[in-house]
Amino acid sequence: MISLSLPSYGLVGSLSPHIGNLTFLTSIFLHANCFHGEMPSELGCLFRLRVLMLSHNSFEGTFPINLTKSMEYLSLIDNKFQGKIPAEVSSLSKLTFLGLYKNYFIGSMLASIGNLSSLVRLDLLENSLEGSIPKDLGRIRSMKCLQLAFNKLAGIIPSSFYNNSALLDFKLLSNQLSGTIHPDIGLAFPPLNQTVPQDLGMLHNAQIIGMSHNQLEGNSTGGDGLSFIPSLVNCTQIKYLIFRDNLLRGSLPSSIANLSTQALGINLGTNQSHGTVPSEIENLVSLSIFDMSANRLVAACQNLLESSLSNNNLNGSIPKEFFVLSSSPLLIDFSCNTLTGSLPLEVGNMINLRALYLSNNRLSGSLPNTLAKCVMLQDLRLDGNFFHGEIPIVLQILRSLEYLDLSYNNFSSHIPAYIGKLPFLAYLNLSFNELNGEVPKLGVFRNALMVLVEGNYNLCGGIQQLNLSICPTSSIKKEKHLAVKIVVLVITATFCLSLLALILIVRCWRRNSRKNVSSIQLYNNQFKRILDLDIHKATRDDFKPNNVLLDDNMIAHVSDFGITKIISTISSARSTPTNQSSSTTVKGSIGYVGPEYGASGNVSIEGDFYSYGILFLGMYTGGRPTDDIFQDGLTLHDFGKASLFEDRIEIGDVVNKLQSIKNLILKEAIQEGKERAGTTGEGTTYI
């Protein structure tokens, strides 16, 4: 047997020492199993062994020191090895791959590792290695990938790495490195001809350059710490530039706009840069993530999926142009600045926005109604500002909200009950405002751990765990008593009016019954006769809630045909000219009448269909097109879209419902005509 290959077989237990008897083995593949315990020393007997892959198991103990010098590929990734890396590893002169990622190795890196002249990849991520980076590592000309991230390495980056033309992947983030970044770092590496995974930090033709969470600062002269950026213009394939959490000083140079147009993300957050964000950065048309948080910048940019400018010195009002972007960001973070003014109406353009952070600024005014257009919004943080007025009803439309923080503002009046009906809301902070009245008990308000209302000294009620005072009952009883009086008065008045109407109807019926024959003749002479077919072609013109009545069986009937219009030509001598109307002008109610009526004046059944659609939206959402909320560009249609988004109604269902609505319009129109005028002959109806 020359190869033992059993990867991902779910094997459990320790590795048998008898494996040392298989002296003809050249490769062992036992990765992705559940082996544990120490590696048997008998592996040293396998003098022909070139490949040993034991990654993704639970082997423990120290690094094996008796491995054959013919070893070319050694992977111990993701195990539980510990202790120091022994000096014997430097004797494996044919080694091309050494993977010790995700173990518990400690101590300093061996300078003798630099003697492994055939090494192509060295992976030491996620250990606890200390000390400096051996300078001889940078002299291994075959080295293409060196991953040292997430250790405790200190000191400077050896200059020998700047002359290594073969290096593709050099990952150093999350160490304790110090010193300076070579100003020609982008020029030090010649063009690369390979693409590596996106999670690797690479240079020049690299896709990712990452040195975050270190202590890198200015250049060798102590000046601008961002002076290396112009040299990155030669990195024509760069997608991500990540130097977060360092000590980089200076202003962001305009040459950053000369990076590859393929650049997707720039993260220089938590440094010491200052000045403005160059307007030229808009040339990076693919840029979707730009994080300069915790610096001292004073500008913003466009075309982003995530924009974070928190913890800077941004002041003045939020420019409305920021919200007029070619694509809607997923996240906007302006928190911890000194922004003033109100939230621009243009925020409604951010239809794909998932998170909006404006915490700890000096913003004021009321929230714009256009915020309701951000129906995908899940996380809204407005705490630490001067917003005032009632908590706006527009929040009712944001059905996707999961996190809402309005604390430390000047919101007043009561807490709207609809907040408890937001289906996904899991966290709510309303503390330190001027709210009053009873706290609801629905939805998120049932969880005292996820609701904060302290600092509102006039609140009462709510669940017991909120420890609020009990709402006074005297005023409630008075209100109930007054309500009972009003109900009794209304019922009495309604009964009297109904009785009077009944008496009048009976008297009229008796009088009309005596003159039935003459009345029919007079009726024929006074009114135009219209066929049932023409009722199908009648337009209602004023379809609105007030003109739809419900009978005892809760069946809807169309009423008040005062401005009904016939739009077809009726043949024969009894015909009426086309477009003849009962009114000299086309009339209708604002918000319900079809928009084409105002443009042309021509009526159509489609106009009634539009009106009924508005009526249907009102029934579905509980709103009217003329409600005060519908302004600043917000319409009942937007309100309806938000509701439909929550229920995810299929398009086919909507089409079927609308077709049924259209048929109902025609049916009700015919029936109403018959009931109001009566029928004198088969197929002929008078209205």
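About the criteria used
Residues numbered from 1 in each chain as written. Predicted model: local features only at pLDDT ≥ 70, side-chain atom pairs only at ≥ 80, totals over all residues. Heavy atoms only, no water. Helix = DSSP H or I, 4+ residues; strand = E, 2+ residues; numbered from the N terminus. Phe/Tyr/Trp six-rings, centres within 6.5 Å; stacked < 30°, edge-to-face > 60°. Buried < 20%, exposed > 50% of the residue type's maximum accessible area, 1.4 Å probe, protein only. Contact = heavy atoms within 4.5 Å. Salt bridge = Lys/Arg side-chain N within 4 Å of Asp/Glu carboxyl O. Polar contact = N/O pair within 3.5 Å; in protein donor to acceptor, adjacent residues only side chain to side chain. Disulfide = S-S within 2.5 Å. Pairing = 2+ DSSP bridges. Core = buried A, V, L, I, M, F, W, Y, C linked by side-chain atoms within 4.5 Å. Axes fitted to C-alpha atoms, helices over the stretch in contact; angles between N-to-C directions. pLDDT = per-residue confidence, 0-100.

**Q** I'd like a rundown of unusual backbone geometry, residues and numbers included.
**A** Despite not being glycine, Phe150 shows a phi value in the positive range, around 60°. Along the chain, the position of Phe150 falls in the loop between β13 (145-147) and β14 (152-155). The phi dihedral of Asn467 falls on the positive side, at around 60°, and the residue is not glycine. Of note, Asn467 is situated in the loop between β37 (458-461) and α1 (474-514).

**Q** Quick one: what's the story with the packing of aromatic side chains, residue by residue and with numbers?
**A** Scanning the model with the defined rule gives five aromatic pairs in all. For the ring pair Tyr73 and Phe97, a centre distance of 4.4 Å and an interplane angle of 5° mean the geometry is stacked. Of this pair, Tyr73 sits in strand β7 (residues 73-75) while Phe97 is found in strand β9 (residues 97-99), placing the two residues 24 residues apart along the sequence. Look at Phe97 and you get buried, because its relative accessible area is 12%. Plain terms: the ring middles of Tyr408 and Phe432 are 4.7 Å apart, the flat faces sit at 15° to each other, and that makes the pair stacked. Linking Tyr408 in the loop between β32 (403-405) and β33 (410-413) with Phe432 in the loop between β34 (427-429) and β35 (434-439), this pair joins segments that are 24 residues apart in sequence.

**Q** Before we move on, could you go through the environment of Pro416 and cite the residues and values that matter?
**A** As for its position among the elements, Pro416 is in the loop between β33 and β34. Taking the C-alpha atoms as reference points, Pro416 and Ile391, separated by 25 residues in sequence, lie 7.3 Å from one another. In contact with Pro416, not counting residues within four places along its chain, are Ile391 and Pro440.

**Q** Help me get a handle on the pattern of salt bridges, residues and values and all.
**A** Tallying each qualifying case throughout the model produces four salt bridges. Note that Arg139 and Asp136 form a salt bridge whose closest N and O atoms lie 2.6 Å from each other. Arg139 sits in the partly exposed class, given a relative accessible area of 45%. When its relative accessible area of 28% is taken as the criterion, Asp136 is described as partly exposed.

**Q** Could you give me a rundown of the side chain of Asn151, with the residues and numbers involved?
**A** Examined against the element boundaries, Asn151 turns out to sit in the loop between β13 and β14. In this structure Asn151 comes out as buried when scored by relative accessible area, which is 7%. Looking at Asn151, its side chain comes within polar contact range of the main-chain oxygen of Leu148, at 3.2 Å. Engagement of the side chain of Asn151 in a polar contact is seen with the backbone oxygen of Ala149, the distance being 3.2 Å.

**Q** Quick rundown of the state of the cysteines? Include the residues and the values.
**A** Counting across every chain of the model gives one disulfide. Across the disulfide, Cys460 is cross-linked to Cys471 (sulfur-sulfur distance 2.1 Å). Measuring the twist about the S-S bond at about 95°, one finds the Cys460-Cys471 disulfide to be right-handed. Here Cys471 lies in the loop between β37 and α1 and Cys460 lies in strand β37, a separation of eleven residues in the sequence.

**Q** Account for the pairing of strand β12 (residues 128-131), naming residues and giving values.
**A** Residues in a regular strand point their side chains to alternate faces of the sheet. Note: strand β10 (residues 104-108) against β12, three bridges, orientation parallel. Note that in β12 the partner of Gly107 across the bridge is Leu129. Pairing geometry for β12 and β14, over two bridges, is parallel. Residue pairing across strands places Glu130 opposite Lys152, the latter belonging to β14.

**Q** I'd like a rundown of the pairing of strand β4 (residues 34-38), residues and numbers included.
**A** Here strand β2 (residues 12-13) runs beside β4; their pairing, made up of two bridges, is parallel. Bridging from a neighbouring strand, Val12 pairs with Cys34 of β4. Inspection of the sheet shows β4 paired to strand β6 (residues 58-61) by three bridges, in the parallel sense. Note on β6: the bridge partner recorded for Glu38 is Glu60.

**Q** Talk me through the sheet that holds β10; I want residue IDs and the actual numbers.
**A** Sheet strands associate in pairs through backbone hydrogen bonding, adopting either a parallel or an antiparallel arrangement. The strand order across the open sheet formed by eight strands is β2-β4-β6-β8-β10-β12-β14-β16, and the pairing between neighbours is parallel. Each of the sheet's edge strands pairs with one partner strand only, and the pair in question is β2 and β16 (176-177).

**Q** Go over the nonpolar core, please, and point to the residues and values.
**A** Judged by nonpolar contacts, the single largest core of 48 residues is most densely connected at Ile28, Leu52 and Leu137. Ignoring anything within four residues of it in the chain, the contact list for Leu52 reads Ile28, Met39, Leu43, Leu67, Met71, Tyr73, Leu74 and Ser75.

**Q** Outline the sheet that holds strand β11 (residues 121-123), listing residues and values.
**A** Spatially, the eight strands line up as an open sheet ordered β1-β3-β5-β7-β9-β11-β13-β15, and their pairing is parallel. Bordering the open sheet on either side are β1 (3-5) and β15 (169-171), each of which pairs with just one other strand. Across the sheet, the axes of successive neighbouring strands diverge by a mean angle of 10°, strand direction being ignored. As judged from the three bridges shared by strand β5 (residues 51-53) and β7, these two strands associate in the parallel manner. Looking across to β7, one finds that Val51 is bridged to Tyr73.

**Q** Describe the confidence of the model for the protein, and please don't skip the residues or the numbers.
**A** Averaged over every residue, the pLDDT of the protein is 74; the share at 70 or more is 65%. Confidence over residues 190-202 falls short of pLDDT 50; this stretch has 39 contacts with residues more than four positions distant or in other chains. Between residues 676-687, whose pLDDT stays under 50, and residues either more than four places distant or in other chains, the model counts 30 contacts.

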